[in-house]
Amino acid sequence: MAAPWFEDEIAQSLAPLLPGLRVEVVAEIDSTNSELMRRSRDGETAPVLLVAERQTAGRGRLGRPWQSAQDAGEPPSLTFSLGLSLAPRDWSGLSLAVGASVAQSLDPSRSAGVALKWPNDLWVQERKLGGILIETALLQPDALERYLVIGIGINIGPREAAGMSTPPAWLKEWRPAATPGEVLREIVGPLVHDVQLFNERGFVPFAARFAERDLLRGRDVRLSDGTEGHCEGVGWGGELLVRTATGVKTISSAEVSVRPVRMPP
Ligand code: BTN
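Residues numbered from 1 in each chain as written. Predicted model: local features only at pLDDT ≥ 70, side-chain atom pairs only at ≥ 80, totals over all residues. Heavy atoms only, no water.

1. Digging into the pattern of salt bridges
Okay, so step 1: Taken as a whole, this structure holds 18 salt bridges when the rule is applied.
Okay, so step 2: The partner of Glu 24 in a salt bridge is Arg 39, with the nearest N and O atoms 3.0 Å apart. Of the two residues, Glu 24 sits in strand 1 (residues 22-26) while Arg 39 sits in helix 2 (residues 32-41), which places them 15 residues apart along the sequence. Grouping residues by exposure puts Glu 24 and Arg 39 together as buried.
Okay, so step 3: A salt bridge links Glu 228 to Arg 222; its shortest N-O distance comes to 2.6 Å.
Okay, so step 4: Classification of Arg 222 as partly exposed rests on a relative accessible area of 39%.
Okay, so step 5: One salt-bridge network, held together by shared partners, links Arg 22, Glu 24, Asp 30, Glu 35, Arg 38 and Arg 39. (Salt bridge = Lys/Arg side-chain N within 4 Å of Asp/Glu carboxyl O. Helix = DSSP H or I, 4+ residues; strand = E, 2+ residues; numbered from the N terminus. Buried < 20%, exposed > 50% of the residue type's maximum accessible area, 1.4 Å probe, protein only.)

Right, dumping it as structure tokens:
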């Protein structure tokens with residue numbers, strides 16, 4: 001392995017929160033999300049943190065590919081998935097809660113300007129720093145509990161902009177000495193804590209945390225279905241609120257993408 005990943009330290013510190021959590025680091029895999037979803041279909045649903053130094057077929061939202069940064073030496077991206085069973089009363093807003101958790105860990109004082117673009121992209125200075133892909137599998141028909149896979153990709157080192165609709169940002173721009181392992185260690189404890197908070201109380205405790213980093217609130221936006229309007233933030237279930245000529249439109253579908261109409265000067 002090219003970099004220290006602090007597997008034992010992470011496993012030990014999370015054991016009280018997630019008994020039996022296994023931490024696995026692999027040099028290469030198609031996609032950490034695909035792997036945990038495959039395992040869940042084979043009945044493997046114990047809590048696991050799977051980290052890949054390289055993904056050959058990383059996936060993003062809306063069927064898009066997720067490409068890691070390319071660099072020789074240490075892995076220039078942090079790519080991992082957390083798999084665990086969860087049974088919240090309402091799943092709405094989970095991806096926003098995860099985004100709020102990760103943004104807070106990456107930029108606790110908000111000095112770096114890490115923002116959240118609905119539903120769960122991490123942006124810095126109008127560029128994309130990372131993304132989150134959440135997938136679930138039913139454990140039993142009609143059961144409330146599901147197996148949840150939270151996949152997170154963060155650019156640590158420089159990343160080429162060629163072929164990307166949104167130019168990338170990377171963490172070393174403001175933390176030149178950061179390593180993927182250190183960033184993982186910082187993110188994952190608060191993430192597990194926040195996922196468990198969501199399990200008990202839903203999106204409500206995260207609404208203010210999301211709002212203070214909401215990239216779209218107060219801006220004119222265009223949705224992938226052609227709707228244009230003014231973003232009024234998110235509701236108590238994490239739905240996007242867009243004021244249009246015909247009233248406030250509520251968007252909760254993860255199948256819709258949204259962009260600011262123009263960047264601020
Ligand atoms: C997005 O920006 O649309 C979401 C990107 C999510 C990427 C992460 S990397 C780890 C995990 N494995 C994947 O294949 N995707 C997620």
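2. Overview of the site of the ligand
Okay, so step 1: Residues in contact with the ligand amount to 20 residues; listed here are only the nearest, Ser 31, Gln 55, Arg 59, Arg 61 and Lys 128.
Okay, so step 2: The contact in question runs from a nitrogen atom of the ligand to an N or O atom on the side chain of Thr 32, over 3.1 Å.
Okay, so step 3: At a separation of 2.9 Å, a nitrogen atom of the ligand approaches a polar side-chain atom of Gln 55.
Okay, so step 4: Grouping the amino acids of the shell around the ligand by side-chain chemistry returns five nonpolar, eleven polar and four charged. (Near = heavy atom within 4 Å. Polar contact = N/O pair within 3.5 Å; in protein donor to acceptor, adjacent residues only side chain to side chain. Nonpolar A, V, L, I, M, F, W, Y, C, P; charged D, E, K, R; others polar.)

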